[in-house]
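Given next are the chains, with one letter for each unit.
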Amino acid sequence: MVIIAIIVGCILGAILGMNAPMISYTYSSYLAIAIIAALDSVFGGITSVIKKNFDLKIFITGFFGNAILSILLTILGQKLNVDIYLAAIVVFVGRMFTNLAIIRRYYVDKWSERLKEKNKKQEKAES
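Computed from a predicted model, the values in this text were never measured in an experiment.

1. Quick look at the packing of aromatic side chains
According to the stated counting rule, one finds 5 aromatic pairs in the structure shown. Taking the centre distance of 5.8 Å and the plane angle of 45° together, the rings of Phe 54 and Phe 59 count as tilted. Centroid distance Tyr 106 to Tyr 107: 5.0 Å. Interplanar angle 80°. Geometry classified as edge-to-face. Owing to a relative accessible area of 45%, Tyr 107 belongs among the partly exposed residues under this scheme. By way of ring pairs, the aromatic residues Phe 54, Phe 59, Phe 63 and Phe 64 are connected into one cluster.

Laid out in structure tokens, this is it:
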């Protein structure tokens with residue numbers, strides 16, 4: 001089921017990407033920082049699912065709140081002629097790597113446990 005959703009999402013993304021208008025250079029920094037903030041929220045959501053403390057309200061408010069705050073920081077930085085958005089990028093990307101490490105460790109541990117169980121079953125079958 002998940003694979004079907006991924007395939008449908010990829011097809012829709014490709015179709016929309018070919019037919020969507022180009023984003024002007026003026027707004028590209030706003031969109032880039034908003035995407036990074038949204039990805040941070042997605043990785044945080046996956047991590048919270050793994051830790052079994054996922055809350056949809058927290059996820060939705062974090063998703064949109066982080067994106068809006070990062071866009072506002074980018075606007076403020078451009079008004080002040082200071083690259084404040086770089087600080088937001090450093091924070092969001094740092095959190096993304098932390099969450100990715102948690103996700104990776106969870107699946108590596110899960111995979112290792114399955115291999116150990118499989119080896120134990122093979123040893124029992126051979127004995």
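2. Some details on the environment of Phe 92
Note on placement: Phe 92 falls in helix α4 (residues 85-126). Discounting chain neighbours no more than four positions away, the residues touching Phe 92 are Ile 36, Ala 37, Asp 40, Asn 66 and Ser 70.

Parameters at a glance
Residues numbered from 1 in each chain as written. Predicted model: local features only at pLDDT ≥ 70, side-chain atom pairs only at ≥ 80, totals over all residues. Heavy atoms only, no water. Phe/Tyr/Trp six-rings, centres within 6.5 Å; stacked < 30°, edge-to-face > 60°. Buried < 20%, exposed > 50% of the residue type's maximum accessible area, 1.4 Å probe, protein only. Helix = DSSP H or I, 4+ residues; strand = E, 2+ residues; numbered from the N terminus. Contact = heavy atoms within 4.5 Å.

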